[in-house]
Amino acid sequence: MFSDSMTLLNFSMLLLTILMSSLATTTWADFNTDAEITWGDGRAKILDAGRALDLSLDQYSGSGFQSKNEYLFGRFDMQLKLVPGNSAGTVTTFFLSSQGAGHDEIDFEFLGNATGEPYTVHTNVYAQGKGNKEQQFQLWFDPTATFHTYSIIWNQQRIIFMVDNIPIRVFNNYESIGIPFPKNQPMRVYCSLWNADDWATQGGRVKTDWTKAPFVASYRNFNINGCVSGSTCGSQSTDSFNTQAWQTQGLDANGRNRLRWVQQKHMVYNYCNDTARFPQGFSEECKRSRF
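Residues numbered from 1 in each chain as written. Predicted model: local features only at pLDDT ≥ 70, side-chain atom pairs only at ≥ 80, totals over all residues. Heavy atoms only, no water.

As annotated in an unreviewed UniProt entry, the chain carries the name Xyloglucan endotransglucosylase/hydrolase and is attributed to Penstemon davidsonii. Under the UniProt heading Function (unreviewed entry), the note attached to the chain is "Catalyzes xyloglucan endohydrolysis (XEH) and/or endotransglycosylation (XET). Cleaves and religates xyloglucan polymers, an essential constituent of the primary cell wall, and thereby participates in cell wall construction of growing tissues." Per UniProt, the chain has the following entry under Sequence similarities (unreviewed entry): "Belongs to the glycosyl hydrolase 16 family." (UniProt positions renumbered as here; feature names shortened; annotations may be inferred.)

Structure (structure tokens):
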């Protein structure tokens, strides 16, 4: 079976990464023109003529940036190389969020760990200010050794979290059974590196070792294919816009097999299984298909 073959999986991952790179080369955003550094007092640095950006963290501050535009649905790709070595206490992020009370949010958070221990990939979805939809994973590769692509696909039917084009999670639109879904509030892309040693690593038991500072996380090949809020992207070129794959993207049989493999082998937390946290019963979407 595909899900039991690491050799085939790794080969497939390589082919998909090459394909994604070839498709995205003409549409990568420029950090100089498409993003803005929002905090960090010089700790965030744009590199390589706008194609890369490093965030750093020391005992005084972390750093962060955001997209200049807001988007209502789209596909959002970012290549990241996470903090190497002893990254305990650090959190590196790539997420979408609106602002204000009742905000929407779609999260990738990468929780650091002691040297030799795996990162935890924390995912969550907020709709109308309510979250509590966490799923966590440990990756099948070292995310500090080289760059890997992390993607959020957000359309009216579902949200898909992907790593190197392999789906790790799907959050479907179940508004029909009363589950809020983010679909009305435009969101920006946000990325940050910050200290959260009160909770991030082994429940806060392992603290940040500031003798290892500064900690650096690297971002590159920022790619957005989506609808800019306030634009007429749907009417400027209706035929072209309506053929964008992300607008209706779901999982085919191959994607469902990959998701099963990830969730069977690499998921370490699922809110849908946490009886101690939700003794009154699980949210209704937990009883529906994970695809």
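1. Thoughts on the overall build of the chain
The secondary structure content of the chain amounts to five helices and 15 strands. By residue count, 52% of the 291 residues in the chain fall in the buried class. Sequence-distant contacts, at least 24 apart, represent 68% of the contacts inside the chain between residues at least 6 apart. Here the chain has roughly 13300 Å² of accessible surface; of this, 49% comes from carbon and sulfur atoms. (Helix = DSSP H or I, 4+ residues; strand = E, 2+ residues; numbered from the N terminus. Buried < 20%, exposed > 50% of the residue type's maximum accessible area, 1.4 Å probe, protein only. Contact = heavy atoms within 4.5 Å. Areas by Shrake-Rupley, 256 points an atom, 1.4 Å probe, with all protein chains shown as cover.)

2. Looking at the sheet that holds strand β11 (residues 158–163)
Read from one edge of the open sheet, seven strands run β2-β3-β14-β5-β10-β11-β12, paired in antiparallel fashion. Two strands close off the open sheet at either side, each with one partner strand: β2 (44–47) and β12 (166–172). Each neighbouring strand pair of the sheet contributes to a mean axis angle of 20 degrees, computed without reference to strand direction. Taken together, the four bridges between β2 and strand β3 (residues 52–57) define a ladder with antiparallel strand orientation. Note on β3: the bridge partner recorded for lysine 45 is aspartate 54. (Pairing = 2+ DSSP bridges. Axes fitted to C-alpha atoms, helices over the stretch in contact; angles between N-to-C directions.)

3. A look at the environment of alanine 29
By the element assignment, alanine 29 lies in the loop between α1 (6–24) and α2 (31–34). When the C-alpha positions of alanine 29 and asparagine 223 are compared, they lie 5.5 Å apart, and in sequence the two are 194 residues distant.

4. Things to note about the sheet that holds strand β15 (residues 267–270)
Hydrogen bonds between backbone groups are what pair the strands of a sheet, and the pairing can be parallel or antiparallel. Within the open sheet, the eight strands sit side by side as β1-β4-β13-β6-β7-β8-β9-β15. Their pairing is antiparallel. Here the strands that pair on one side only, and so sit at the sheet edges, are β1 (35–39) and β15. Direction aside, neighbouring strands of the sheet carry axes that sit 15 degrees apart on average. Both strand β8 (residues 120–126) and strand β9 (residues 135–137) contribute to a ladder of three bridges, which runs antiparallel.

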